[in-house]
Structure formats: C-alpha cells, structure tokens
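Geometric and topological summary
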Amino acid sequence: MTLSVSPPSSAVIAELEAELTALLGARNVTSELRARERASVDGGRMSPIISELLPLGLADLVAFPTTAEQIGEAVAAAVRHGVPVTPRGKGTGNYGQGIPMAGGLVLDLSRARAVVEVAEGLITAEAGTPMVTLERAAHATGQQLWMYPSTAQSSIGGFLAGGSGGTGSIVHGTNDAGFVAALDVVHGTGSPELVHVEGEEAQRFVHNYGTAGIIARATVRLEPLQDWRGVYASFPDFRSAQSVLRALGALEPRPRLVSADTPEMTATLPPDPAFPEGRASVRVIADARTVTRAAEIVEAGGGRVEDVREGAQTALSLSMLSYNHPIEWLQKSAPGVYFHVEVSGAALIDRVDEVHAVYEGGLLHQEIGHTGPIGMLAGVYRSPEQVLDGIRALGELGVGVHNPHQWNVDFQLGRTLETAATTDPQGLLNPGKLNPGYDGPTKGAIR
Ligand SMILES: Cc1cc2nc3c(=O)[nH]c(=O)nc-3n(C[C@H](O)[C@H](O)[C@H](O)COP(=O)(O)OP(=O)(O)OC[C@H]3O[C@@H](n4cnc5c(N)ncnc54)[C@H](O)[C@@H]3O)c2cc1C
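This structure is a prediction, so every number in the text was calculated from the model and none was measured. (Residues numbered from 1 in each chain as written. Predicted model: local features only at pLDDT ≥ 70, side-chain atom pairs only at ≥ 80, totals over all residues. Heavy atoms only, no water.)

Right, let's talk about the overall build of the protein chain for a bit. Each helix and strand counted, the protein chain has 18 helices and 18 strands in total. Rg of the C-alpha trace for the protein chain: 22 Å, near the compact-globule value of 22 Å for 447 residues, within the 12% margin. Each principal axis of the C-alpha atoms in the protein chain carries an extent, and together these give about 70 × 50 × 35 Å. Looking at the 447 residues of the protein chain, the share that counts as buried comes to 62%. A separation threshold of at least 6 residues defines the contact pool for the protein chain, and within that pool the share at least 24 residues apart is 75%. (Helix = DSSP H or I, 4+ residues; strand = E, 2+ residues; numbered from the N terminus. Rg over C-alpha atoms; globule rule 2.2 N^0.38 Å. Buried < 20%, exposed > 50% of the residue type's maximum accessible area, 1.4 Å probe, protein only. Contact = heavy atoms within 4.5 Å.)

As structure tokens, then:
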C-alpha cells in the first residue's frame, strides 16, 4: 500500500475535533473508540484476502455532517489541518475502499440525506441519501431511477463513487454511462465551496472512491415508472437455466433484472417456495406486459414458472438477491470457505463448465448485463496466488475479470490522477487508494 500522507498527531486531531464540534454540534462528532472502529470497516470482509490484512486503518475522528454545505465545511476544516478525509456512505463497498488507511477523519454522510428536488427525468439529493429513498421519491412522481445497486439501502454518493450498477443496468449500463447528470463536489483544497460539475466533467468523480473530490450532492436520471412483476422460474440444471437468459434479457419492454443461480447457490438463498430443492433458479424483474412471453420462454427452455409476484416490494426483494448478494448468502452458509471474482462475457454461458472448473468448487451467480452475460464466480479459497492464477485462466477463456480483492482505483486511473493533482494537491482525500503503479485487472473489464 502506498500512503502519501502521514497519520495526524493527536494535538491536530484535538484541534479539528473542537472545530468540527463548533460547526456540526457535539452530537455529530465523535472520537469514541467503538464509533471509530465501526466507521473504519466496510464490506471488504467479503474478500478473504482483504480480511487477512485487517485492520487496515482506524479513524481518529468521525463526523456526521447533515447537509451538503456542512460536508463542504467539514472537508475544508480537515484539509486546513492537514488531516486525511475518508468519505463514507453506508459502508457496504466491498473492496476495502472505504477504510481510512491513514487514519484521520471519516466523514459519515448518512445524515446528509435530503431529497432536494424531483423534476421530470432528474432527481437531486444529498450524498448520504439511500438509493431506496430516491426510488420511492421518484415513484411518488410516476418515475423510477435508471438504476440502483442490490444494496438498495446504500447511499447515492457511495454508489456513484464506489459501485457500478445493478437493477436497471441491463437497460442503461453501468453508473458511468449517462446516469449522472450533475454533481456538487468538494475538493481537497481547504475551500468549502461545492463545485458544480455536469456531464463529462461529473464523470471525473465516478468510481474513484472520493480520491478526486467528495460528492456532496448528486443529480441522477429518472425514467417513467413501469409496472413491474417478479417472475420466479426454476430449471432442472444450470445449463438449461442459462439457455433462456439471453431471450429473457431481450424481452421488449426490457426487463430490469435477469438473475440466475446454480442449484447449489440457490440452496443457500433465504428459503422461498419459489426455490424448489435441487433446481436452478432464474429470477426476472419483468415489465407486466411481458410476463406471458417470459413464461413461454421459460417453458420452451425446460423450466417452469414457480411464481409471479407484484407490489412495490417485489422489485426490491429480487434486487436484493442479485449481484453480490448470492455470494454473501453462500459465504454465510459456509463461513470462511468461499471467495469470488467479478466476471463478464459470452463464455460465462458458452463455456460454463470450463469457467466453473477454474476454481475448486466453482459456482457462478449470473446476471444479464447491458452488453451480455456478467456475474460473480465463487470458489473455495486457498491463497492469493490461487485467485490470481484463476484470473489469468479466466482471461484465457475469454472472460473479463474485475478483481474485488484490492482497493486501488482501477477505473480511468490516469484521468483520476490528472484530476486529483488539482483537486487534492496534498493527497488527503481517501489516502491509499490512488496508486499510479496499479497495473492489475481493471473495472473496465466487466463492462
Ligand atoms: C452483498 C453486497 C451486494 C452488492 N451489490 C452491489 C450491486 O448490485 N451493485 C454495485 O454497484 N455494488 C454493489 N455492492 C457494493 C456496494 O454495496 C455498492 O457499491 C454501494 O452502492 C456503495 O454505497 P455505500 O453507501 O455503502 O458506499 P460506501 O461503502 O460507504 O463507500 C464506497 C466508496 O465510495 C466512497 N464514498 C462514499 N461516499 C462518497 C461521497 N459522497 N463522495 C465520494 N466518495 C464517497 C467511500 O470512501 C468508498 O471508497 C454490493 C456489496 C455487497 C456487500
């Protein structure tokens, strides 16, 4: 790990604590050990490689700004004192990218959660607003978010800075592909100004963990609300389940999510009559107009529809069984056994047996993404070398891989370095994550 800043002294932290207390109120600043510990971990425990390295850092101070303007003031105060600042939303990022590796201030944004405006096609909210709150506010105006992650309780700031996509990505791609209309960003220069950026300029702050600037407010895109159904299907084996995924993904109007799991993976999901024992599961958030056609596709592929559910909660429930969630359930079912890598490409369907064989106990959780099959490949964990050897072997099969066992900014690294040279000249924003020498697999590999 490269750290360009030194941990702050206790005298400096005491001064900053006093200043932040005056600014935010005593209830919104703490140096209590348990609060600092809680603010210094994220979903990185999903990775056995990162888990073995923990603790990777401990905050000296935690502050909870309650408005976008307070975010600007708090960042400016920390920077003026030369104290590192690590932003935090809900803390679900799963690469360890939210860990304050140089100590300093963790800025927990979960109390800055106002929905500022819902307009036609656009919603603006403060950085800590949960994605599910945005979706509900959009629904109230007959609209829906372009996308939200399976961690629907996570924050808009964390999703844009640390996540990629989720429900809706099958139509709109990842969250760097037009989803963001505008951001108000705080630079690490000592100024509390909220710098308004739009379009391409806003993209400079997506996927880089706050290392180029901290998002205080975001405007993202909405579309007209659709009437969604949850279609639960089961198949005798994973191959027949996979045989229908492309056709389900191509339904018009397009579905919002298409997920599939092997019988073994399905058995670890929360019990549901729609998950019969020993069968592979396919789940679709389908436009109500396409349910009949979806059932025909399922039956033609040798499957059967177990249930069709409706109601506001249905899409959310299915989302929370997608992307990394099945991996999390698998890990819960056998603690300390499994790791995973993020994968993409036609080979996930066309060469699934070879893909499964790359790692001992290989199990694929599958989604249909914007440009084709994507997923999470789990395997029995042996060593960091085994994980890297497998990443190479997957590459030879034509599988794109993103390595979730490291916290380096790995998307548009050059652009972020260029931006941060101006916006964070002292390297105080989330230190440890922006490493010019990083040359591993990049996030772009799974687009
Ligand atoms: C079980 C599970 C399922 C998941 N499913 C998905 C999924 O479907 N799609 C997906 O994309 N991700 C997924 N993730 C990863 C993660 O949950 C999401 O990316 C989530 O949206 C992150 O939001 P958060 O509020 O928890 O961010 P945090 O974890 O708090 O932060 C994430 C990163 O962004 C930085 N950050 C936080 N707020 C800001 C801000 N305002 N400005 C700048 N930087 C900031 C943090 O320092 C950190 O580096 C999953 C993780 C788990 C554990």
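This paragraph deals with helix α12 (residues 291–300). Taken together, the buried positions of α12 are occupied by V291, A294, I297 and V298. Down the axis of α12, the smallest arc covering the buried residues is 120 degrees, so these residues share one side. What points out from α12, more than 90 degrees from its buried face, is the exposed set T292, E299 and A300. Of the surrounding secondary structure, the elements contacted by the buried residues of α12 are β11 (228–235), α10 (245–249), β13 (280–287) and β14 (304–309). (Arc of directions from axis to C-beta.)

Okay, the sheet that holds β14 next. Taken in spatial order, the 8 strands make up an open sheet running β14-β11-β13-β12-β16-β17-β15-β18, and their pairing is antiparallel. Sheet topology places β14 and β18 (400–402) at the edges, where each strand pairs with a single neighbour. The mean angle between the axes of side-by-side strands here comes to 20 degrees, regardless of whether they run parallel or antiparallel. The pairing of strand β15 (residues 338–344) with strand β17 (residues 373–380) spans 7 bridges and is classified as antiparallel. Looking at β17, one finds that H340 is bridged to A378. (Pairing = 2+ DSSP bridges. Axes fitted to C-alpha atoms, helices over the stretch in contact; angles between N-to-C directions.)

So, on to the side chain of T314. Relative to the helices and strands, T314 is located in helix α13 (residues 312–319). The class for T314 is buried, based on a relative accessible area of 8%. Among all residues touching T314, those that are not within four sequence positions of it are R229, G230 and R309.

For the rest of this paragraph, the subject is the confidence of the model for the protein chain. Per-residue pLDDT for the protein chain has a mean of 96; in total, 98% of the residues score no lower than 70. Across the protein chain, the element-wise mean pLDDT spans from 93 in α13 up to 99 in strand β6 (residues 122–126). (pLDDT = per-residue confidence, 0-100.)

Before going further, it helps to examine the pairing of β17. Burial analysis of β17 places 8 of its 8 residues in the buried class, the great majority of the element. Taking every second residue as pointing to the same face, both faces of β17 are buried, with P373, G375, L377 and G379 on one and I374, M376, A378 and V380 on the other. Two strands pair when backbone bridges link them, and strand β16 (residues 363–368) and β17 are joined in this way by 6 bridges, in the antiparallel orientation. Opposite E367, over in β17, you have I374 as the bridge partner. Joining the antiparallel neighbours β16 and β17 is a turn of 4 residues, in which G372 adopts a positive phi near 145 degrees.

Our focus in this paragraph is the UniProt feature "domain: FAD-binding PCMH-type" (unreviewed entry) in the protein chain. Per the UniProt record, "domain: FAD-binding PCMH-type" (unreviewed entry) is found at residues 55–225. Counting secondary structure, residues 55–225 comes out at 22% helix and 27% strand; the distance between its end C-alpha atoms is 43 Å. (UniProt positions renumbered as here; feature names shortened; annotations may be inferred.)

Evaluation of the coordinates by the stated rule reveals 4 aromatic pairs. Ring geometry for F159 versus F179: centroids 6.3 Å apart, planes at 70 degrees, classification edge-to-face. Residue F159 is located in helix α6 (residues 156–162), and its partner F179 is located in the loop between α7 (169–172) and β8 (180–186); the two are separated by 20 residues in the primary sequence. F179 carries the same exposure label as F159, and that label is buried. Chaining the aromatic ring pairs together yields one cluster made of F339, Y359 and Y381. For the cation-ring pair, R111 lies above F64, with the distance from its terminal atom to the ring centre recorded as 3.8 Å. Cation over ring: K332 sits above W329, and NZ or CZ is 4.4 Å from the ring centre. (Phe/Tyr/Trp six-rings, centres within 6.5 Å; stacked < 30°, edge-to-face > 60°. Lys NZ or Arg CZ within 6 Å of the ring centre and 35° of its normal.)

As a further point, take the pattern of salt bridges. Using the criterion set out here, one finds 19 salt bridges in the structure. Note that R229 is salt-bridged to E310, the shortest N-O span being 3.7 Å. Of this pair, R229 sits in strand β11 while E310 sits in the loop between β14 and α13, placing them 81 residues apart in sequence. Overall, E310 belongs to the exposed group, its relative accessible area being 59%. With its nearest N and O atoms 2.6 Å apart, the salt bridge here joins D261 to R283. With D261 in strand β12 (residues 257–261) and R283 in strand β13, this pair connects stretches of sequence that are 22 residues apart. Taken together, the shared-partner salt bridges connect E69, D184 and R217 into one network. (Salt bridge = Lys/Arg side-chain N within 4 Å of Asp/Glu carboxyl O.)

A word on the environment of H325. Within the element layout of this structure, H325 appears in helix α14 (residues 325–333). The class for H325 is buried, based on a relative accessible area of 13%. Spatially, the C-alpha atom of H325 lies 9.8 Å from that of M376, the residues being 51 residues apart in sequence. Setting aside anything within four residues of it in sequence, one finds H325 in contact with S150, T151 and M320.

With that out of the way, let us pick up the site of the ligand. By nearness alone, 36 residues border the ligand, and P87, T92, S150, S164 and G165 come closest of all. Measuring from an oxygen atom of the ligand, one finds a backbone N or O atom of S164 at 2.5 Å. In this structure, a nitrogen atom belonging to the ligand sits 2.5 Å away from a main-chain N or O atom of G165. With the chains in place, 97% of the 960 Å² that the ligand exposes on its own is no longer accessible. (Near = heavy atom within 4 Å. Polar contact = N/O pair within 3.5 Å; in protein donor to acceptor, adjacent residues only side chain to side chain. Areas by Shrake-Rupley, 256 points an atom, 1.4 Å probe, with all protein chains shown as cover.)

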